[in-house]
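In case you want the letters, here they are:
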Amino acid sequence: MSLNGLFCMLFAILLFIPACSRTEEDQPHPIKQVPQIEEIKPEKPAKIKLKRDAKAGYSWEISGDNVDEIIKADQRLRKTLKSE
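Only a predicted model underlies this, so the values are computations on that prediction, with no experimental measurement involved.

## Quick notes on the overall build of the chain
Here's step 1: Counting secondary structure elements, the chain contains 3 helices and 2 strands.
Here's step 2: Going from N to C terminus, the chain has its helices and strands arranged as α-α-β-β-α.
Here's step 3: Across the 84 residues in the chain, those meeting the buried criterion constitute 4%.
Here's step 4: For the chain, the proportion of contacts with a sequence separation of at least 24, taken over those separated by at least 6, is 17%.
Here's step 5: Surface accessibility of the chain: about 8600 Å² in total, with carbon and sulfur atoms responsible for 60%.

## Regarding the pattern of salt bridges
Proximity of charged atoms lets side chains of opposite charge pair with each other.
Here's step 1: According to the stated counting rule, one finds 2 salt bridges in the structure shown.
Here's step 2: Of the charged contacts in the structure, one is a salt bridge between E61 and K51, with a shortest N-O distance of 2.8 Å. In this pair, E61 sits in strand β2 (residues 58–63) while K51 sits in strand β1 (residues 47–52), placing the two residues 10 residues apart along the sequence.
Here's step 3: Overall, the relative accessible area of 41% leaves E61 in the partly exposed class.
Here's step 4: Taking the shortest distance from any N to any O, the salt bridge between R78 and D74 comes out at 3.0 Å. Separated by 4 residues within a single helix, R78 and D74 lie in helix α3 (residues 67–82), roughly one turn from each other.

## Quick look at unusual backbone geometry
Here's step 1: In this structure, A56 is a non-glycine residue whose phi angle is positive, near 65°.
Here's step 2: The topology assignment puts A56 in the loop between β1 and β2.

## So, α3
Here's step 1: Over its 16 residues, α3 runs 22 Å from end to end, which matches the ideal 22 Å to within 8%, given 1.5 Å per residue.
Here's step 2: Along α3, the residues that are buried comprise A73, D74 and L77. All buried residues of α3 lie within an arc of 100° about the axis, which places them on one face of the element. Structural note: α3 exposes D68, K72, R76, K79 and K82 on the side pointing more than 90 degrees away from its buried face.
Here's step 3: Looking at the buried side of α3, the elements it contacts are β1 and β2.

Cut-offs and rules
Residues numbered from 1 in each chain as written. Predicted model: local features only at pLDDT ≥ 70, side-chain atom pairs only at ≥ 80, totals over all residues. Heavy atoms only, no water. Helix = DSSP H or I, 4+ residues; strand = E, 2+ residues; numbered from the N terminus. Buried < 20%, exposed > 50% of the residue type's maximum accessible area, 1.4 Å probe, protein only. Contact = heavy atoms within 4.5 Å. Areas by Shrake-Rupley, 256 points an atom, 1.4 Å probe, with all protein chains shown as cover. Salt bridge = Lys/Arg side-chain N within 4 Å of Asp/Glu carboxyl O. Expected span 1.5 Å × (residues − 1). Arc of directions from axis to C-beta.

This is how it looks when you write it as structure tokens:
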């Protein structure tokens, strides 16, 4: 082996040793999830089933996730249908 070949082998070995000895601090950190983003859910609107009986009267069924929105929808229906 020539001196040049020996030098190339030592150089290659010196390059591979630091590459194999990475610690956890050197490795990139995974993306952290923000807890606020997970908790946000889109609001579903209140569903209203409006029914009309034979005497021209109205009744309705309201369903949904938000109680305040259901109460507001009920009040609007009562006010609107009462004035007619």
